[in-house]
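# Reading the structure
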Amino acid sequence: MTEPTTTPSRRAELPLHRQVPDEHGFFGKFGGSFIPPELQKQMDEIDRAYQRICRSYDFIHELRSIRKHFQGRPTPVYYCKNLSNRIDGARIYLKREDLNHSGAHKLNHCMGEALLAKYLGKKKLIAETGAGQHGVALATAGAYFGIPVEIHMGEVDIAKEHPNVVRMKILGAKVVPVSDGLRTLKEAVDSAFQAYLKDPVNSIYCIGSVVGPHPFPLMVREFQRVVGIEAREQFLEMTGELPDNVVACVGGGSNAMGIFSGFLDDPVELHGVEPLGRGAKLGEHAASLSYGQEGTMHGFHSIMLADAQGNPAPVYSVASGLDYPSTGPEQAYLKSIGRTTVGTATDEEAIDAFFRLSRLEGIIPALESAHAVAYALKLAKERPTQDILVNLSGRGDKDIDFVMDKYGSYADKEY
Ligand SMILES: *Cc1c(COP(=O)(O)O)cnc(C)c1O
């Protein structure tokens, strides 16, 4: 799973994106681990266990079998003929993570994390969730392995993402409502961390993205790497070439790291898409890489949106899974070395893409994924001769009631 460790001198000969992370989890100046000593002890244990277990035949064999027989992988790459014809520009392709079991890419790392928990003999899986997708994915993994699951979720998100709350309960997870602050993802992370600290020996904190202290950004990326490996092979088989562009939405950055990691060594442009919400004013969006500054939160150093006091700023996006005030350290690093480009899509652009993809292709995307589609549509106009591969990170069933309630008039438009 993880690439063999390279000695520091050998490492310096590799391209910049291959030199990271170092043994302390730093991607350049980003990443690391900034947590209380008692938590650090647990993270060190997880790190050591992961480094050992991820190379074992049994672990790799079991995870591969799960990918195929339980998750339904590989998910297809699909050419959007109607959408591409309509825009009269670039060819748009989708990596269909919406068809991954439980409806999004998140099950890729949840099955990996829960399998690791099984190997470590852990008795409980603890996590936060925003859109509810990570909660559903982890509840699914918990049911599969027979390990109890506790999910912390902001009250605002509980109200907005009702179907996912119901799914988690049906799958047997305990949902803990969080009523602090803005009652969304950030507060849910804080609450889940506190619960984990109460019993770190018997429980494991399953972070929902490539964020948090080392080794999570590395581990979650490795579990998501399957998306990029499959997509590269499938795209080559379909077209005989590599795509010119790969596009993914960026909240924490896991679906983007998953697909990007398949193409890092190739002459392929990688575009991360952040949610611009209602506009560029602080508090109206969650575009951390685009408008943020260096800072440390939730145990890692990255680029974040901060208020005047340097605390994490309130953030907003129509997509609950993207409204996080920071982003994974590797995303910050790849942008800083110029390996990725970071763009944005507003709420309105995402809603338009949501309906456009539904109407023209018969695929209802998650609102998060609709941001990537919206950006791809903009890119397609600028680059009419190019191929664009979009990571469709999830399906939109969870969003349909909210969308029709708030944006029902879009359904009457011609597309
Ligand atoms: C959670 C979620 C995201 C955002 O998370 P990343 O870690 O940035 O990938 C994107 N799409 C869907 C469907 C999600 O559920």
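Residues numbered from 1 in each chain as written. Predicted model: local features only at pLDDT ≥ 70, side-chain atom pairs only at ≥ 80, totals over all residues. Heavy atoms only, no water.

### Some remarks on the overall build of the chain
What counts here: Helix and strand definitions here come from DSSP, where helices need a minimum of 4 consecutive H or I residues and strands a minimum of 2 consecutive E residues; each element is numbered from the N-terminal end. Just to be clear, the radius of gyration here is over C-alpha atoms, and the globule rule we use is 2.2 Å times residues to the power 0.38. All accessibility values rest on the Shrake-Rupley procedure with a 1.4 Å probe; residue burial counts only the protein chains present in the view. Counted charges follow a simple rule, with Lys and Arg positive, Asp and Glu negative, and His plus the chain ends left uncounted. Where a charge lies is defined by one atom per residue type, namely NZ (Lys), CZ (Arg), CG (Asp) and CD (Glu).
Looking only at helices and strands, one finds 16 helices and 14 strands in the chain. Scaling as 2.2 N^0.38, a compact globule of 415 residues should have a C-alpha radius of gyration of about 22 Å, and the chain matches this with 20 Å. With respect to the three principal axes, the spread of C-alpha positions in the chain is 55 × 50 × 50 Å. As displayed, the chain has an accessible area near 16100 Å², and 51% of this comes from carbon and sulfur atoms. Of the side chains in the chain, 45 bear a positive and 52 a negative charge, and the two mean positions are spaced by 3 Å.

### Some words on the domain arrangement of the chain
Basically, it comes down to this: The split into domains, and so the bounds of each, comes from an automatic or database assignment of domains. Residues are treated as being in contact if the distance between any of their heavy atoms lies within 4.5 Å. A simple way to read buried area is as the amount of 1.4 Å-probe accessible surface that goes missing from two parts once joined, with both sides added. By definition, a salt bridge exists where a carboxyl oxygen of Asp or Glu is found within 4 Å of a side-chain nitrogen of Lys or Arg.
Each assigned domain of the chain is listed with its residue range as follows: domain 1 (27-67 + 106-217) and domain 2 (72-104 + 225-412). Between the C-alpha centres of domain 1 and domain 2 there is a distance of 22 Å. Contacts between the two partners involve 39 residues from domain 1 and, on the opposite side, 44 residues from domain 2. Both sides of the domain 1 and domain 2 interface together cover about 3200 Å² of buried area, and 62% of this is carbon and sulfur. Broken down residue by residue, the surface that domain 1 buries against domain 2 is led by Phe 30, Arg 67 and Lys 160, which jointly contribute 19%. For Lys 29, the salt bridge goes to Glu 294, with nearest N and O atoms at 2.9 Å.

### Structural notes on the confidence of the model for the chain
Our working rule: Confidence scores here are pLDDT values: one per residue, from the predictor, ranging 0 to 100.
Chain-level pLDDT for the chain is 94 on average; 98% of the residues reach the 70-or-more range. Within the chain, strand 9 (residues 245-249) carries the highest mean pLDDT (99), whereas helix 1 (residues 8-11) carries the lowest (73).

### What about the nonpolar core?
In plain terms, the rule: In this text, buried Ala, Val, Leu, Ile, Met, Phe, Trp, Tyr and Cys residues form a nonpolar core when linked through side-chain atoms within 4.5 Å. Burial status follows relative accessibility: with a 1.4 Å probe on protein chains alone, a residue under 20% of its type maximum counts as buried, one over 50% as exposed, and anything between as partly exposed.
Within the largest apolar cluster, 82 residues are counted, with the highest numbers of intra-cluster contacts made by Leu 125, Ile 259 and Leu 389. The greatest single-element share of this core, amounting to 8 residues, is contributed by helix 10 (residues 216-239). Shared between two domains, this core takes at least three residues from each, and those domains are domain 1 (27-67 + 106-217) and domain 2 (72-104 + 225-412). For Leu 389, the residues in contact, after removing those within four places along its chain, are Val 77, Tyr 93, Leu 94, Lys 95, Ala 231, Phe 235, Pro 243, Asn 245, Val 246, Val 247, Ile 259 and Phe 263. Grouped together as the second largest cluster of nonpolar side chains are 39 residues, Cys 80, Tyr 316, Ala 372 and Ala 376 included.

### Side note on the site of the ligand
Test applied: Only heavy atoms are used to decide nearness, and a residue is near a molecule or strand if one of them lies within 4 Å of it. Contacts described as polar in this section are N or O atom pairs within 3.5 Å, which, within protein, must combine one atom able to donate a hydrogen with one able to accept it, while residues neighboring in sequence count only if both atoms come from side chains. For this scheme, ten residues count as nonpolar: Ala, Val, Leu, Ile, Met, Phe, Trp, Tyr, Cys and Pro. Four count as charged, namely Asp, Glu, Lys and Arg, and the remainder, Gly too, count as polar.
As a matter of local geometry, the ligand sits amid 18 residues, with Lys 106, Ser 209, Ser 254, Asn 255 and Ser 393 nearest to it. Contact between the ligand and Gly 251: an oxygen atom at 2.8 Å from a main-chain N or O atom of the residue. The separation between a nitrogen atom of the ligand and a polar side-chain atom of Ser 393 is 2.7 Å. Relative to its unbound accessible surface of 380 Å², the ligand loses 97% to contact with the protein. Elements supplying a minimum of two residues to the shell around the ligand: helix 11 (254-260) and helix 15 (367-382). Looking at the shell around the ligand, its residues break down into 4 nonpolar, 12 polar and 2 charged. Of the residues that make up the shell around the ligand, three or more belong to each of domain 1 (27-67 + 106-217) and domain 2 (72-104 + 225-412).

### A short note on the sheet that holds strand 9
Our working rule: Two strands are counted as paired when DSSP detects at least two bridges linking them. To get an axis, a line is fitted to the C-alpha atoms, and for a helix only the part in contact is used. The angle between two axes follows their N-to-C directions and goes from 0 to 180 degrees.
Ordered by their spatial adjacency, 6 strands build an open sheet running 3-4-14-9-10-13, and the pairing between neighbours is mixed. Each edge of the open sheet carries a strand with a single partner, namely strand 3 (77-79) and strand 13 (340-346). Adjacent strand axes in the sheet meet at a mean angle of 30 degrees when their direction is disregarded. Summarising the sheet, strand 9 and strand 14 (residues 387-392) pair through 3 bridges and their orientation is parallel. The residue of strand 14 that forms the bridge with Val 246 is Leu 389. Each of strand 3, strand 4 (91-96) and strand 14 touches helix 10; the most contacted strand, strand 4, lies at about 140 degrees to it. Along the sheet, helix 14 (residues 347-361) contacts strand 3, strand 4, strand 10 (269-277), strand 13 and strand 14; its crossing angle with strand 13, the most-contacted strand, is approximately 90 degrees.

### A look at the side chain of Lys 122
For Lys 122, the location among the structural elements is in the loop between helix 5 (106-120) and strand 5 (124-129). Residue Lys 122 is classed as buried on the basis of its relative accessible area, which comes to 7%. Polar side-chain contacts of Lys 122 include one of 3.4 Å to the backbone oxygen of Pro 200. Apart from residues no more than four positions distant in its own chain, Lys 122 is found in contact with Gln 42, Glu 45, Ala 117, Ile 147, Pro 200, Val 201, Asn 202, Ser 203 and Ile 204.

### A look at the environment of Val 149
Along the polypeptide, Val 149 turns up in strand 6 (residues 149-154). Judged by relative accessible area, which is 7%, Val 149 ranks as buried. A sequence separation of 11 residues divides Val 149 from Leu 138, and the C-alpha atoms of the two residues are 7.3 Å apart. Beyond its immediate stretch of four places on either side in the chain, Val 149 contacts Leu 125, Leu 138, Ala 139, Gly 142, Ala 173 and Lys 174.

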